[in-house]
Amino acid sequence: MKASPFTMHIDMTVNRAGTKLRISLIFAARSRAHDVFGVLVDRTGHFKYTKMTGTQLVWKMAGRFVSAAKAFVSLNSIVCGRSKGSTTITFKP
């Protein structure tokens with residue numbers, strides 16, 4: 001994902017039922033991935049996740065499925081230089 005000021009990489013996996021996501025997020029400035037399991041997808045295809053450390057916001061993501069194989073994602077990262085960006089992700093079969 002092109003974002004300002006740093007590029008971010010997102011990998012997402014959807015369970016067979018289409019109700020939960022696994023998200024791996026890698027920031028260009030860091031080599032370690034942030035992995036999140038079990039992000040719920042609602043009946044309308046929307047999902048969101050907020051990563052907190054204590055009371056500190058680390059990053060947050062929101063999105064929606066625009067088709068069975070594509071999702072629009074918006075990301076705001078505090079830990080990656082306050083990078084913000086959005087993109088459409090195409091899932092591989």
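Residues numbered from 1 in each chain as written. Predicted model: local features only at pLDDT ≥ 70, side-chain atom pairs only at ≥ 80, totals over all residues. Heavy atoms only, no water.

Asker: Would you explain the nonpolar core in this entry?
Answerer: Generally speaking, soluble globular proteins have nonpolar side chains that are buried together. Counting 19 residues, the largest nonpolar core has I10, M12, I23, F47, W59 and M61 as its most contacted members. Sorting elements by how many residues they give to this core places strand β2 (residues 20-27) first, with four residues. (Core = buried A, V, L, I, M, F, W, Y, C linked by side-chain atoms within 4.5 Å. Buried < 20%, exposed > 50% of the residue type's maximum accessible area, 1.4 Å probe, protein only. Helix = DSSP H or I, 4+ residues; strand = E, 2+ residues; numbered from the N terminus.)

Asker: In this structure, what is going on with the confidence of the model for the chain? I would like to understand it.
Answerer: One rule of thumb: low pLDDT means the predicted coordinates there are not for detailed reading. When pLDDT is averaged along the chain, the result is 84; 86% of the residues meet or exceed 70. Within the chain, the lowest mean pLDDT, 85, falls on strand β1 (residues 8-14), and the highest, 92, falls on strand β4 (residues 46-53). (pLDDT = per-residue confidence, 0-100.)

Asker: For this particular structure, what's the right way to read the sheet that holds β1?
Answerer: Strand pairing in a sheet takes place through backbone hydrogen bonds and is either antiparallel or parallel in direction. A sheet is described by the order of its strands in space; here three strands give the open sequence β1-β2-β3, paired in antiparallel fashion. Of all strands in the sheet, those with a lone pairing partner are β1 and β3 (33-40), marking the two edges. Taking the axes of each pair of neighbouring strands and ignoring which way they run, one obtains an average angle of 20° across the sheet. In terms of strand pairing, β1 meets β2 through seven bridges, oriented antiparallel. Residue pairing in the sheet places V14 in a bridge with L21 of β2. (Pairing = 2+ DSSP bridges. Axes fitted to C-alpha atoms, helices over the stretch in contact; angles between N-to-C directions.)

Asker: Teacher, can you tell me more about the sheet that holds strand β5 (residues 56-65) here?
Answerer: A sheet is described by the order of its strands in space; here four strands give the open sequence β4-β5-β6-β7, paired in antiparallel fashion. Pairing within the sheet leaves two strands with one partner each, and these edge strands are β4 and β7 (84-90). Within this sheet the neighbouring strands show an average axis-to-axis angle of 15°, counted without direction.

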